[in-house]
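# Chains, contacts and geometry: an overview
The primary structure of each chain is shown beneath.
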Amino acid sequence: MAIKLKEYIANLNKLVKENPEALTMDVVYSIDDEGNGFQKINYTPQIGEYEGDYNGDFDEEGKNKNAVCIN
């Protein structure tokens, strides 16, 4: 089940409250659920339409905007 933006922000706020130094750290994402590699997040979030599968397209101009892309 995908996390909603509201929950994601709440978790970020909790993390920063407990670790204020995190505000100056780089943000990365795991390339898979096992942590076999990491990449930096280089772009600001965008709202768009997500098709829902692993190779699905993310269309920022889509009419059915349903997701926030973090990178």
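Please refer to the structure placed before this passage.
We now examine the overall build of the chain. A count of helical and extended segments in the chain gives one helix and five strands. Listed by position from the N terminus, the elements making up the chain come as α-β-β-β-β-β. Computed over its C-alpha atoms, the radius of gyration of the chain comes to 14 Å, more than 25% above the 11 Å expected for a compact globule of 71 residues. The principal-axis extent of the C-alpha atoms belonging to the chain is close to 40 × 25 × 25 Å. Here the chain holds 71 residues, and the buried ones make up 7% of them. For the chain, the share of sequence-separated contacts (at least 6 apart) that also reach a separation of at least 24 residues comes to 17%. Of the roughly 6,500 Å² of accessible surface on the chain, 52% is carried by carbon and sulfur atoms. In the chain, 7 side chains carry a positive charge and 14 a negative one; their mean positions are 11 Å apart.

Strand order in the open sheet made by the three strands is 4-3-5, with antiparallel pairing throughout. Of all strands in the sheet, those bounded by a partner on one side alone are strand 4 (58-59) and strand 5 (67-69). Note: strand 3 (residues 46-50) against strand 5, three bridges, orientation antiparallel. Looking at the pairing, Gln 46 lines up with Cys 69 of strand 5.

Basis of the calculations
Residues numbered from 1 in each chain as written. Predicted model: local features only at pLDDT ≥ 70, side-chain atom pairs only at ≥ 80, totals over all residues. Heavy atoms only, no water. Helix = DSSP H or I, 4+ residues; strand = E, 2+ residues; numbered from the N terminus. Rg over C-alpha atoms; globule rule 2.2 N^0.38 Å. Buried < 20%, exposed > 50% of the residue type's maximum accessible area, 1.4 Å probe, protein only. Contact = heavy atoms within 4.5 Å. Areas by Shrake-Rupley, 256 points an atom, 1.4 Å probe, with all protein chains shown as cover. Lys, Arg positive; Asp, Glu negative; His and termini not counted. Charge placed at Lys NZ, Arg CZ, Asp CG, Glu CD. Pairing = 2+ DSSP bridges.

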